[in-house]
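The residues making up each chain are set out below.
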Amino acid sequence: MLATVEIVAHSSNVSSLVLGKASGRLLATGGEDCRVNIWAVSKPNCIMSLTGHTSPVECIQFNCSEERVVAGSQSGSLRLWDLEAAKILRTLMGHKASVCSLDFHPMGEYLASGSVDSNIKLWDVRRKGCVFRYKGHTQAVRCLAFSPDGKWLASASDDSTVKLWDLIAGKMITEFTSHTSAVNVVQFHPNEYLLASGSADRTVKLWDLEKFNMISSSEGETGVVRSILFNPDGSCLYSGSENTLRVYGWEPDRCFDVVHVGWGKVSDLAISNNQMIAVSYSQNNVSWYVVDLNRVKKSGSVIQGLIQDKPIPAPTSALGTTLRRNYERPTTSCTGQDPEGERRSPSSEDEKEDKESSAEITNPEDYKEIFQPRSAISRTPPKRTEPFTAPLEHSFSESVLEKPGPAVKIVTPVIDRVVLSVGPITSSTPVQRVEPTVIAAAPRIILSTRNEPIGLNAGDFLSHARNAKASVMGDEEALAQIRKGHDTMCVMLTSRYKNLDTVRSVWASGDVKTSLDSAVSMNDLSIVVDVLNIINRKPSLWKLDLCTSILTQIEELLQSKYESYVQTGCISLKLILKRFWPLISDTLTAPPSVGVDITREERHRKCKACYKQLKNLSNVVKNRAEQVGRHGSTFKELQLLMAPLYC
């Protein structure tokens, strides 16, 4: 076992790290300095430093191709970076507490996140929105894992349970409750219907996902189980605890080997070229280790003294006949339908946050070699065929400690932090998305119920590799398909242009009230939304006269099936309540004036009309506040602002 490199990873304490499982050659670290740093394993120089979070980074995850990395922060926000383009892709908001677990869907543009608030959210990273929320845990969700076929999601929690979720049905399939302490890690078998979990109770358990019962419980760990990993061929399970690596088999329970290593509280494991790469951290230092798996027993006789009086069957290859069925990947093609539900449009605040995020390339040579290769087909630093080697003796000051056993030599190099010249800085730019407003590109529809995961398409969670070949379309047919609906689109755009031009001509006179009235009179909510979006950006334009004209339209917007309409209606109503509710309340409760005061009577009339309309709106808000997700939270906030109306 070789401790290849020890580095100073951050300017403050390291709070999270993860290895790239596809290659085993990339490492991402997150720290209390709110940065995410990308490293090539066995090299002491940081490749890239990602900024944007304003609170400590609590968890990190690479996607399957290691082209993207996502980080969750203590504030509950998630940021997704494209490593090859060196820019921020998405900022996702929604969790009410620290994000402590992440996982990418194996075959789609989906991401799962677990939080200290006990909720699990499924995100569509293409549309910058939450697709569904899974509720069931009572404490922090510490680990998430998608099944190899992409149909299930497993979650492990501090409440000592492991839950299995059906992504398509949006419900919990089963719950495993045999652990007695917090469950730290969970992983699916790469081939068979098996699930492994490791816990703070120092046990590793395996579960049969066909019968939903426990088939193995391995005890004897020297400390908390912090990381588990199936061998790529599925023949055994590696378990990492404090200073110890164990190799387990199941049916029956047996321990093939115990390797005593000095990696401390190991945080993550990966396998590359029949070598196990392990990483651990302490304060602001990160160390990674390499274990030669050729010297580790992965089958054969049981370790004496650990488990007794259990027959050991002849070892079988995981690639041959298995004890249970394999994950099937049907050739179901994607329909291209967009998932719908709790998504939201990018707000100005999100765009500002994305602009403030950046990817600072600190090692241009390694960055180009790993993320922008000229001739390499596979992007692995270094080549996958090259095993890790021990550090050169003249490179670092070393202390070499010889120990007997499976581990040949432990090398603990000590190096000073290297100060690098800052390379080119690539500022990130958010992906802009235009809100569609016409029939051919209709706004996203919000369905009224959220009891099921609305809009999830089974094809998005299945492999695209075996899709049926699409028939070749001729040029004439393709042009006809493109032109389909073109005339209707032109009519709609021409009509809308004329309406907006009419409103603009009135707006040029400086009369906002008349402009808004003209937009309302056109009986086209899309025009009203456009005008409101302008007024909402400058709250000083709001007057009491505008409230009397627009509150009826806001009621229609809040009940609309289009998300952008609902969002605009909520923003407008919130501004009205914050700016005018004290005036409306004070005017209606004030004692009658003495004498004739025309101005006061006119204001009293307007306030009375606004109160009546707000009273009607309060019922709409109350009903919509029962929804889950982002819009549910917005309506709950409006419900609090409208609390006096419920008295």
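Anything mentioned here points back to the structure above.
Residues numbered from 1 in each chain as written. Predicted model: local features only at pLDDT ≥ 70, side-chain atom pairs only at ≥ 80, totals over all residues. Heavy atoms only, no water.

Engineer: Quick one: what's the story with the packing of helix H4 (residues 486-507) against helix H5 (residues 512-521), residue by residue and with numbers?
Structural biologist: Packed helices, taken two at a time, are described by their axes: the angle between them and the distance between them. In the contact formed by H4 and H5, the axes pass within 8 Å of each other and the chain directions differ by 165°. Between H4 and H5, the crossing angle belongs to the class labelled roughly antiparallel. Judged by the twist between their axes, the crossing of H4 over H5 is right-handed. Side by side, H4 and H5 meet where Val 503, Val 506 and Trp 507 of the first sit next to Val 512, Thr 514, Ser 515, Ser 518 and Ala 519 of the second. (Axes fitted to C-alpha atoms, helices over the stretch in contact; angles between N-to-C directions. Helix = DSSP H or I, 4+ residues; strand = E, 2+ residues; numbered from the N terminus. Parallel < 35°, antiparallel > 145°, perpendicular 65-115°, else oblique. Left-handed = near helix turned anticlockwise from the far one by under 90°. Contact = heavy atoms within 4.5 Å.)

Engineer: Explain the pairing of strand E7 (residues 68-73) to me, and be specific about the residues and the numbers.
Structural biologist: Across the six residues that make up E7, a large majority, five, are buried. Pairing of strand E6 (residues 57-62) with E7, which is carried by five bridges, proceeds in the antiparallel orientation. When the bridges of E7 are listed, Val 57 appears paired with Ser 73. Where E6 folds back onto E7 in an antiparallel hairpin, the turn is made up of five residues, including Glu 66, whose phi is positive at roughly 60°. Two elements, E7 and strand E8 (residues 78-82), share five bridges in a ladder whose sense is antiparallel. Bridged to Val 70 within E8 is Leu 80. (Buried < 20%, exposed > 50% of the residue type's maximum accessible area, 1.4 Å probe, protein only. Pairing = 2+ DSSP bridges.)

Engineer: Kindly report on the state of the cysteines, identifying the contributing residues and their values.
Structural biologist: On inspection of all chains with the given rule, the structure shows zero disulfides. The thiol sulfur of Cys 610 is not disulfide-bonded, and the nearest other cysteine sulfur, from Cys 547, lies at 5.1 Å. Residue Cys 610 is classed as buried on the basis of its relative accessible area, which comes to 1%. (Disulfide = S-S within 2.5 Å.)

Engineer: Can you break down the side chain of Ser 157 residue by residue, with the values?
Structural biologist: Topologically, Ser 157 is positioned in strand E15 (residues 152-157). Owing to a relative accessible area of 0%, Ser 157 belongs among the buried residues under this scheme. A polar contact is formed between the side chain of Ser 157 and the backbone oxygen of Gln 139, at a distance of 3.3 Å. Discounting residues that sit within four places of it in the chain, Ser 157 has contacts with His 137, Gln 139, Ala 140, Val 141, Arg 142, Ala 182 and Val 183. (Polar contact = N/O pair within 3.5 Å; in protein donor to acceptor, adjacent residues only side chain to side chain.)

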